[in-house]
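# Inside the fold
This is what each chain is made of:
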Amino acid sequence: RPPGEALTATTALGQLLRFRVMRATENIGHQRIGSICVQGLYSTPRHRHVSGALVLLDNGEKLYDFGYGVHEVGRRGRVGPVDEARFLLAGCPRFVGGRVAARLMGGRWIDTDPSRADGASVLRLTFGERAKPIDLYVGKRTFLPVALRISGDQAFGWSDLMPGGGRAAVVRVFRAFHLNVSRGTPNA
């Protein structure tokens, strides 16, 4: 039988992966910024349908990942550590969930402890590399994502997460990325 922490992490993972849209308020350094992540199947120059995530930040910055690392629209190459942290703090369910799942499947540590976030009693799931831990806070009874915290050499920050976002959030992101809103809009 798997340890209790693995079962807790699996339940939280299941709740996280129910969502295709995640809204967040991110804090890195002294800068606070809102973000929306929309996941789905997208067409790229290399592939007709590829699973990916689009992140729109309130400052207009557009980040994406189609399995080749985080990139910014209009720039060549991968982004730096701060933008990579911004992408992670957007809380894209499959992106964060993939990291949790990789830990569980590899039999590596995921620590779950009672904690507090936004004045509520929550569970903290700690995963990532020991030198760069990632903490996902989920509701104690609902296991819904509440917050995310990262620490490491290059970036430190946290975000308050709000799963879902409705069609308006999806349309906003699609328009910012110049995608056809009427075709294939993912469910919120």
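Residues numbered from 1 in each chain as written. Predicted model: local features only at pLDDT ≥ 70, side-chain atom pairs only at ≥ 80, totals over all residues. Heavy atoms only, no water.

## Overview of the nonpolar core
Counting residues in hydrophobic clusters, the biggest one holds 36 residues, and the most contacted among them are Val55, Phe87, Cys92, Leu125, Leu136 and Leu148. The residues contacting Phe87, other than those within four sequence positions of it, are Ala53, Val55, Leu63, Tyr64, Asp65, Val70, Cys92 and Phe95. Among the nonpolar cores identified, the runner-up in size contains 16 residues, and Phe66, Val173, Phe174 and Val181 belong to it. (Core = buried A, V, L, I, M, F, W, Y, C linked by side-chain atoms within 4.5 Å. Buried < 20%, exposed > 50% of the residue type's maximum accessible area, 1.4 Å probe, protein only. Contact = heavy atoms within 4.5 Å.)

## Section: the sheet that holds strand 2 (residues 31-42)
The strand order across the open sheet built from 10 strands is 5-4-3-2-1-10-9-8-7-6, with neighbouring strands paired in antiparallel fashion. The sheet terminates laterally at strand 5 (71-72) and strand 6 (111-117), the two strands that pair on one side only. Two strands pair when backbone bridges link them, and strand 6 and strand 7 (residues 120-129) are joined in this way by 7 bridges, in the antiparallel orientation. When the bridges of strand 7 are listed, Ser115 appears paired with Val122. Contacts between helix 2 (residues 81-89) and the sheet are confined to strand 1 (21-28), strand 2, strand 3 (50-57), strand 4 (62-65), strand 5, strand 8 (132-139), strand 9 (145-150) and strand 10 (157-163), with strand 1 contributing the most and set at about 135° to the helix. (Pairing = 2+ DSSP bridges. Helix = DSSP H or I, 4+ residues; strand = E, 2+ residues; numbered from the N terminus. Axes fitted to C-alpha atoms, helices over the stretch in contact; angles between N-to-C directions.)

## Here we look at helix 2
All of the buried residues in helix 2 are Asp83, Ala85, Arg86, Phe87, Leu88 and Leu89. Following helix 2 by one or two positions, Gly91 has its phi on the positive side, about 75°.

Scope: geometric values only; no functional claims are made or implied.
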